[in-house]
Amino acid sequence: MRTLRNIVVLGANGVMGSGSAALFASAGLAVTLLARTRDRAEAGRARAEALAKGRIAPGAIAVGSYDHDLEAAVAGADFVLEAVAEDEAVKRELLARVDRAIVASEAGPGMITPGTGTIVATVTSGLSIATLADALSPEVRRRFLGVHLFNPPTQIRGTEVIGHVETDASVIAHVRAWLETDLDRVVIECADLPAFAGNRIGFKVLNEVAQQVELYGVAAIDQLLGAHTGRALPPLATIDLVGWDVHAAIVDHLWIETADEAHASFRLPDYMRRGIERGHLGRKTRELGGFYRVVGKGELAERMVLDPASGDYRPFEAPPVPTFVERMRAAVRACDHAGALDALCRADGDDAALLRRVLLGYVSYALCRVGECVTAARDVDLIMGFGFHWAPPTMLVDAIGAGRTAGMLDAMGLPVPPVVDDAARTGRPLYAEATLPTKYFAAA
């Protein structure tokens, strides 16, 4: 198979374009960044160098524009990564141009096979790989696939590789091995379905939580679903980090393109739609905010929270901590993660019921995607652990107990995944990784 050393990234001025360039260049690969103009490409290079934090020399990444440099850059590339805006028409137009450049460069003597020709990949969080492949010639389609890097790729190792029906199996295997070995990625292979695996599961949970804000309030929701539940960042703070516009694009796509047992969870709340229309996109719009807003700077900065009914913001006030949450936190501090989840399972009241439904809903939905989006429960564990930094679903099942998990899911009217049902019958643990729970759980 062709050694992947010369990399071309299209979409230099985007977050993922500059981020992936930093990842590739930090691994010692030769990288060329292209954008619509050379100025935009140079801005992308500056961001990539900043993301690399001294691991690459200034100017080591080459830059250029589509009009002046695309054909020559692609002709010498081993791997072309298209990382432009998440817009199907824009991606198809640029991929067609890449295709023409590749076909022209490979038109000389000698047999080009999927293993020896330039490999082309798209960075997308959920667009159809097969639909994008339609823009390519038959010979290039065989070496075209999706590579979903999570943002920022210099920090988040979880990666999804997605082939389409015509992608050569050897190309998928080669790219996966390269990502794992040369770039230290944790890779799973996904079916070409909307949002693949990680985002389909993750944004189901995030949007389901956002749907409860009008009833519970921002501060109470994030306190309830904090680090003691096995996540690096509370859910509403996560949406602010991702961006409300990006969140809306993903859940709107899933609302249209899926019809599974959790379809209602993908309906974007009306208060979020109104906020987006007013320009409230989360951290990327600091002055306007999202669920949270910071007013002022330095010592005078004040944290505000959204009132979803009015769209206004009020000063943040930490709500009282429920007793069962204190018990969970105490157990986490003692590294008794099974004890923390037992405290949740035994707790009474609406808050505990909401947290159980979100946490067990995550387990049910994630593990029901086995056999649909991915082939094994371990794939789900890896992408949720290394892509979202959430406690993997089977880790939660083992901590709660498979039989108890199955009984609670059934009582809630949630599907019991076959892998959980099997574990309940056999008594075999599900979680297969060496990673300790302390990677995901924290006491506050």
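Quick look at the structure, then. Along every chain, residues carry numbers that run from 1 in the direction the sequence is written. A pLDDT threshold of at least 70 governs which residues receive local features in this predicted model, and a stricter bar of 80 or more applies before side-chain atom pairs are shown or counted, although totals over entire chains, interfaces and linings include all residues. The basis for every side-chain value is the complete set of non-hydrogen atoms in the structure, without hydrogens or water.

### Things to note about the overall build of the protein
- Secondary structure is summarised from DSSP: a helix means a run of H or I of at least four residues, a strand means a run of E of at least two, and numbering begins at the N terminus for each. When helices and strands are tallied, the protein shows 20 helices and eleven strands.
- The size measure is the radius of gyration over C-alpha atoms, and the globule rule it meets is 2.2 Å times the number of residues to the 0.38 power. Relative to the 2.2 N^0.38 estimate, which gives 22 Å for 444 residues, the radius of gyration of the protein is 23 Å and therefore close to what a compact globule would have.
- Projecting the C-alpha coordinates of the protein onto the three principal axes gives extents of approximately 75 × 60 × 40 Å.
- Only protein chains enter the accessibility calculation, which uses a 1.4 Å probe. A residue is then buried if its area is under 20% of the maximum for its type, exposed if over 50%, and partly exposed in between. Counting the 444 residues in the protein, one finds 53% classified as buried.
- Contacts are assigned to residue pairs with any non-hydrogen atoms lying within 4.5 Å of each other. Relative to all contacts within the protein whose residues are 6 or more apart in sequence, the contacts with residues 24 or more apart total 71%.
- Surface summary for the protein: the accessible area is close to 18,300 Å², and the carbon and sulfur share equals 52%.
- In summary, the charge assignment counts Lys and Arg as positive and Asp and Glu as negative, without counting His or the chain termini. Each charge is placed at NZ for Lys, CZ for Arg, CG for Asp and CD for Glu. Each charge class in the protein can be summarised by its mean position, and for the 45 positive and 55 negative side chains these summaries are 3 Å apart. Note on areas: these come from Shrake-Rupley sampling with a 1.4 Å probe, and a residue is covered only by the protein chains present in the view.

### A short note on the pairing of strand 2 (residues 30–35)
- Note that strand 1 (residues 6–10) and strand 2 share five bridges and pair parallel. Bridging across to strand 2, Ile7 finds its partner in Val31.
- For the crossover that starts at strand 1, traverses helix 1 (residues 15–26) and ends in the parallel strand 2, the hand is right-handed.
- Relative to strand 3 (residues 62–65), strand 2 runs parallel, the two sharing four bridges. A pair of strands is labelled paired if DSSP reports no fewer than 2 bridges between them. A right-handed crossover is one whose linking path, passing over the helix from the first strand to the second, runs clockwise when the strands point away from the viewer.

### A few points about the sheet that holds strand 3
- The mixed open sheet is built from eight strands, whose spatial order is 3-2-1-4-5-6-7-8. The sheet is open, and its two edges are formed by strand 3 and strand 8 (186–190), each paired on a single side. Adjacent strand axes in the sheet meet at a mean angle of 25° when their direction is disregarded.
- Sheet topology note: the strand 1/strand 4 (residues 79–82) ladder contains four bridges and is parallel. When the bridges of strand 4 are listed, Ile7 appears paired with Phe79.
- The strands touched by helix 7 (residues 169–181) are strand 1, strand 4, strand 5 (119–122), strand 6 (144–149), strand 7 (158–162) and strand 8; relative to strand 8, the strand with the most contacts, the crossing angle is about 160°. Inter-axis angles, ranging from 0 to 180 degrees, are taken between N-to-C directions of lines fitted to C-alpha atoms, where helices are fitted over the stretch in contact.

### Examining the side chain of Thr405
- Within the secondary structure, Thr405 is located in helix 19 (residues 402–412).
- Classification of Thr405 as buried rests on a relative accessible area of 0%.
- Look past the residues within four positions of Thr405 in its chain and what remains in contact with it is Leu360, Val363, Val397, Ile400 and Val420.

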